[in-house]
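# Architecture and fold: a report
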Amino acid sequence: MTNRFDPDTLIAQASEIAGTDDFGEPAGWREHLALLADGLATEAQLNDLGLEIAVMDIVGPLVNRLRIMQWRRENPDVATTPVARPIFIVGQPRTGTTILFDLLAQDPALRPPLTWEVDAPWPLPQPDTYTTDPRIAQIQANIEMSEQLVPGLLAHHPMGALVGQECVRMSAGQFCSMIFSVQYRLPTYYRWLLHDADHRDAYRYHRMFLQHLQSGMPGIGAPTQWLLKSPAHLWQLEALVAEYPDALIVQTHRDPLNVISSIAALTTHLRRLASDHSDITECAQQSREEIIVGLEHSMKARDSGVLTPGQIVDVQFADFIRDPFATIGGIYEALDREFTPVAEQRMRDFLAAHPGDNGGARYSWSNTGLDAGEVRAQVTGYQERFGVPTEALR
């Protein structure tokens, strides 16, 4: 049987689609791709549909990378365009990062990368067709097809072509991204990503992606500031700040135990799209390791002094849920931004249209197979440092 995940075959396929074979810098992506491809072939337990989806999840970022690099060669000024004072929302997954991101994105002075732009960044959008670009409908159809294949997927993690997309989708082109280890069972890859990978080039590629999107914005409205989001940044604050020294960071905080059970349930659900063997206890073990390592890394980053005073704002999940607009007002004050009436009204309108359900009954600690006392002992230092209250386990 032909190995569908042979890296050279995937690279050739992407090159044929893009009409170019110059993947540009930064280097290292081929080694990352080889590790990912091996995991998909030998560990992911893919079904027939999952195999096809996984191939597309490699070829797509390769094609996007080729086209981004070609555009940079043809337009060298793109490489000198600054990405000024981007705002990054970070924190453990399932701590309100998505709804906070969506609300802040309603501010006309902030600019999130939209899902359709990230998934299909070339050709660059044109001002006169920006709201009617056919890629919008195609990306939305893909999302809705995923919901049909795995009912309830969008309840676990709302998505849409016209909403902001996470940074892990942009760094996928460097193949050093948590997007893969969430969607697929990849024990070797996720441990490499967590413990051994050098993420600096992934952030360099991330900047290149933003520069590419910026280059298509004249006439559409260049962003005053990028608004960006991914829980994955929590693991790599030092690499983030090395690439974006003037970044402003908003970190959300919540009881890690409910985070672990929630992300384990989401991961289990996501993997059902590609595999018939999605095990919540295995997902919970991965989530536990990732959360504990992420919290430890984030505290070490603060202790190292790489973050300047006032560069990071802390937000308690409980406070945000109780009074989102008081919390947002505090964020704006901390970031020395004006919380305009227009921005606030747009946020209130968005929240009224997307009230959420606070997680419902979609996850339960009892499903994880983890020892609550053992995990609590591992996260107590984090909770004490940031004053994170212990929640009743769901």
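Residues numbered from 1 in each chain as written. Predicted model: local features only at pLDDT ≥ 70, side-chain atom pairs only at ≥ 80, totals over all residues. Heavy atoms only, no water.

The protein chain is annotated in an unreviewed UniProt entry as Sulfotransferase family protein from Mycolicibacterium septicum.

We now examine the sheet that holds strand β5 (residues 312-316). Strands sit in the order β2-β3-β1-β4-β5 across an open sheet of five strands; the sheet is parallel. Each having just a single partner strand, β2 (110-111) and β5 make up the two edges of the open sheet. (Pairing = 2+ DSSP bridges. Helix = DSSP H or I, 4+ residues; strand = E, 2+ residues; numbered from the N terminus.)

Next up on the list: the state of the cysteines. For the structure shown, the criterion picks out zero disulfides. Free of any disulfide, cysteine 167 has its nearest cysteine sulfur in cysteine 176, 14 Å distant. A relative accessible area of 2% places cysteine 167 in the buried class. (Disulfide = S-S within 2.5 Å. Buried < 20%, exposed > 50% of the residue type's maximum accessible area, 1.4 Å probe, protein only.)

Of note, threonine 368 is situated in the loop between α17 (341-353) and α18 (372-386). For threonine 368 and serine 261, which are 107 residues apart along the polypeptide, the C-alpha to C-alpha distance reads 6.3 Å. The contacts of threonine 368, once residues within four sequence positions are left out, are Ser261, Thr281 and Ala284. In terms of polar contacts, threonine 368 uses its side chain to reach the backbone carbonyl oxygen of tryptophan 365, at 2.8 Å. A polar contact of 3.2 Å, which involves the side chain of threonine 368, links it to the backbone nitrogen of leucine 370. (Contact = heavy atoms within 4.5 Å. Polar contact = N/O pair within 3.5 Å; in protein donor to acceptor, adjacent residues only side chain to side chain.)

What follows concerns unusual backbone geometry. Note that the residue after glutamate 25, namely proline 26, is joined by a cis bond; omega there is 5 degrees. Of note, the phi angle at arginine 85 is positive, near 45 degrees, even though the residue is not glycine. Position of arginine 85 among the secondary structure elements: in the loop between α3 (48-74) and β1 (87-91). Note on arginine 85: relative accessible area 41%, which makes it partly exposed. Phi at arginine 94 is positive, roughly 65 degrees, even though this residue is not glycine. The topology assignment puts arginine 94 in the loop between β1 and α4 (97-104).

Residues spaced three or four apart along an α-helix face the same direction, because each turn holds 3.6 residues. With 16 residues, helix α11 (residues 200-215) should reach 22 Å at 1.5 Å per residue; the first-to-last C-alpha distance of 23 Å fits that figure. Within α11, 12 of the 16 residues are buried, which leaves it mostly tucked inside the rest of the structure. Buried residues of α11: Ala202, Tyr203, Tyr205, His206, Arg207, Met208, Phe209, Leu210, Gln211, His212, Leu213 and Gln214, and no others. Where α11 is buried, its residues touch α3, β1, α5 (115-119), α8 (167-170), β3 (225-229) and α12 (237-243). (Expected span 1.5 Å × (residues − 1).)

Attention shifts here to the packing of α3 against α11. Two elements in contact, α3 and α11, have axes whose closest approach is 10 Å; the angle formed by their N-to-C orientations is 65 degrees. α3 and α11 meet at a crossing whose hand is left-handed. Between α3, through Pro61, Asn64, Arg65, Ile68, Met69, Trp71 and Arg72, and α11, the contact on the second element is made entirely by Tyr205, Met208, Phe209, Gln211, His212 and Ser215. Of the residues in the contact of α3 with α11, the class split is seven nonpolar, four polar and two charged. (Axes fitted to C-alpha atoms, helices over the stretch in contact; angles between N-to-C directions. Left-handed = near helix turned anticlockwise from the far one by under 90°. Nonpolar A, V, L, I, M, F, W, Y, C, P; charged D, E, K, R; others polar.)

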